[in-house]
Amino acid sequence: MADYFDPNNTGSYNQQNSQYPQYPQYQSNPNGQYQDPQQQMYQQQMYQQQMSRGAFGMNQPQYAAGQSYGGAVATDVNDVLVKSFLFMFLALLVTGITSLIVARSTFWISVAVNPAPLIIFAILEIACVIGATFAMKKNNLILSAVLFGAYSILNGVTLSIIFLAYQLGSIVQVFFIAAAIFGAMALIGVFTKKDLSNLGMICIVGLFGIIIASIVNIFLKSAKMDYVISIIGVIVFTGLTAYDVQKIKKMAATNVGYNPLVLGLYGAMELYLDFINLFLYLLRLLGKAKN
């Protein structure tokens, strides 16, 4: 398959002084099933992130290392990489600020009464991912940027649940752990001479396996199964980080006329989804629930 960006490929917590809404502490019953509705909503948001990455993954071009292609234009690979990481950072910043603002509001109390807004947001997120991917493949810079920005905001709204479910200190710690893992794998993707295409294919297959298992667990509500899914999720998105960084390099090196800013946005969205999912899976494994 073509090795270029092909548009035709398709703890001590004072509840009285708290500014956050209160929910019962997470617990599981003897059968290992979730009882806390707050944690159930968090599980739904995890599933939403998996679906977003899956939707984006279905439109990713495949690459064959060591090949060259006619019509490629000169593109600074390092420039595209820098743009990808810069746009990713800005998107994470937008998501984080949005999450903090929403977490301090009554949004989740309203959702507990009427979940319709959450369903609408979930549909809009998937639509933004698919629309942004299509716009990037059509080399439409403005539409790509608008949809990516919109997705970052919508994601911030839905992910604000983590500030209600977990202690802030725990969230910060897990964030830095995720950042360290992400940074290490990104460096591997940049500097390794080994073709990571096989690794990427395995991770993509693993991603869809996680999605299927997560759908099943929505009905089973098994804490043990959720724990196993989280471990596999960390492994999958750790591998995808290195693979996607290398793929961004290949996209830039074999560019057939795409705006470098569009390539940067495409790379940023891939890396953004990788980091968000890696962070959330680590949070499920290492995060400390609020009392």
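Note that the structure is a prediction, hence the values are computed from the model and not measured. (Residues numbered from 1 in each chain as written. Predicted model: local features only at pLDDT ≥ 70, side-chain atom pairs only at ≥ 80, totals over all residues. Heavy atoms only, no water.)

Enquirer: When you look at the nonpolar core in this model, what are you seeing that I'm missing?
Expert: M88, W108, I162, M269, Y272 and F279 are the most contacted members of the largest nonpolar core, which totals 70 residues. Among the elements that take part in this core, helix α10 (residues 260-286) stands out by supplying 17 residues, more than any other. (Core = buried A, V, L, I, M, F, W, Y, C linked by side-chain atoms within 4.5 Å. Buried < 20%, exposed > 50% of the residue type's maximum accessible area, 1.4 Å probe, protein only. Helix = DSSP H or I, 4+ residues; strand = E, 2+ residues; numbered from the N terminus.)

Enquirer: Would you mind going over the packing of helix α4 (residues 116-137) against α10 with me for this structure?
Expert: Angle between the axes and distance between the axes are the two parameters that describe a pair of packed helices. Across the interface, α4 lies against α10 with an axial gap of 9 Å and an inter-helix angle of 150°. In terms of axis orientation, α4 runs roughly antiparallel to α10. Pair α4 / α10 crosses with left-handed handedness. Counted together, V129, A132, T133, M136 and K137 of α4 and V262, L265, Y266 and M269 of α10 form the full contact between these two elements. The class makeup of the residues in the contact of α4 with α10 is seven nonpolar, one polar and one charged. (Axes fitted to C-alpha atoms, helices over the stretch in contact; angles between N-to-C directions. Parallel < 35°, antiparallel > 145°, perpendicular 65-115°, else oblique. Left-handed = near helix turned anticlockwise from the far one by under 90°. Contact = heavy atoms within 4.5 Å. Nonpolar A, V, L, I, M, F, W, Y, C, P; charged D, E, K, R; others polar.)

Enquirer: Before we go on, may I ask you to explain the packing of aromatic side chains in this structure?
Expert: The relation between two aromatic rings is expressed through the spacing of the ring centres and the mutual angle of the planes. The full count for this structure, using the stated rule, is ten aromatic pairs. For the pair F107 and W108, a centre-to-centre distance of 5.1 Å together with 80° between the ring planes defines the contact as edge-to-face. Per residue, the accessibility class of F107 equals that of W108, and both read buried. Measuring from centroid to centroid gives 6.0 Å for F237 and Y281, while their planes differ by 25°, and the two rings are stacked. Of this pair, F237 sits in helix α9 (residues 223-253) while Y281 sits in helix α10, placing them 44 residues apart in sequence. A single burial state applies to F237 and to Y281, both of which are buried. One aromatic cluster is present, formed by F85, F175, F176, F182, F275 and F279 through successive ring pairs. (Phe/Tyr/Trp six-rings, centres within 6.5 Å; stacked < 30°, edge-to-face > 60°.)

Enquirer: Help me understand the layout of surface pockets, please; the structure alone is not making it clear to me.
Expert: Taking a probe equal in size to a water molecule and rolling it over the atoms shows the remaining empty space. Roughly 570 Å³ of volume is contained in the largest pocket. In terms of lining, the largest pocket is formed by 22 residues, of which the most central are L92, T95, G96, F175 and F275. Elements with a minimum of two residues in the lining of the largest pocket: α2 (77-103), α6 (162-165), α7 (168-191) and α10. With ten residues, the single largest contributor to the lining of the largest pocket is α2. For the lining of the largest pocket, the per-class residue count stands at 19 nonpolar, three polar and no charged. (1 Å grid on protein atoms, 1.4 Å probe; cavity = no way out; pocket = protein on both sides within 12 Å on 5 of 7 lines; lining within 4 Å. Points joined across faces, edges and corners; volume = space filled by probe spheres on them.)

Enquirer: What's the story with the environment of D195 in this structure? I'm lost.
Expert: Note on placement: D195 falls in the loop between α7 and α8 (197-220). A relative accessible area of 31% means that D195 is categorised as partly exposed. Residues D195 and K247, spaced 52 residues apart in sequence, show a C-alpha to C-alpha distance of 9.6 Å. In terms of polar contacts, D195 uses its side chain to reach the side chain of S197, at 2.8 Å. Here K250 takes part through its side chain, which lies 2.8 Å from a polar atom of the side chain of D195. (Polar contact = N/O pair within 3.5 Å; in protein donor to acceptor, adjacent residues only side chain to side chain.)

Enquirer: Explain the pattern of salt bridges to me, please; I cannot follow it from the model alone.
Expert: Opposite charge on two side chains permits them to pair, given that their charged atoms come into close proximity. Counted according to the given criterion, the structure contains five salt bridges. Taking the shortest distance from any N to any O, the salt bridge between D195 and K250 comes out at 2.8 Å. Residue D195 is located in the loop between α7 and α8, and its partner K250 is located in helix α9; the two are separated by 55 residues in the primary sequence. The class of K250 is buried, set by a relative accessible area of 14%. The salt bridge involving E270 is made with K247; its shortest N-O contact spans 2.7 Å. Taken together, the residues E270 in helix α10 and K247 in helix α9 connect sequence positions 23 residues apart. Like K247, E270 is buried. By sharing partners, the salt bridges in this structure join D244, K247 and E270 into a single network. (Salt bridge = Lys/Arg side-chain N within 4 Å of Asp/Glu carboxyl O.)

These figures capture arrangement, not role.
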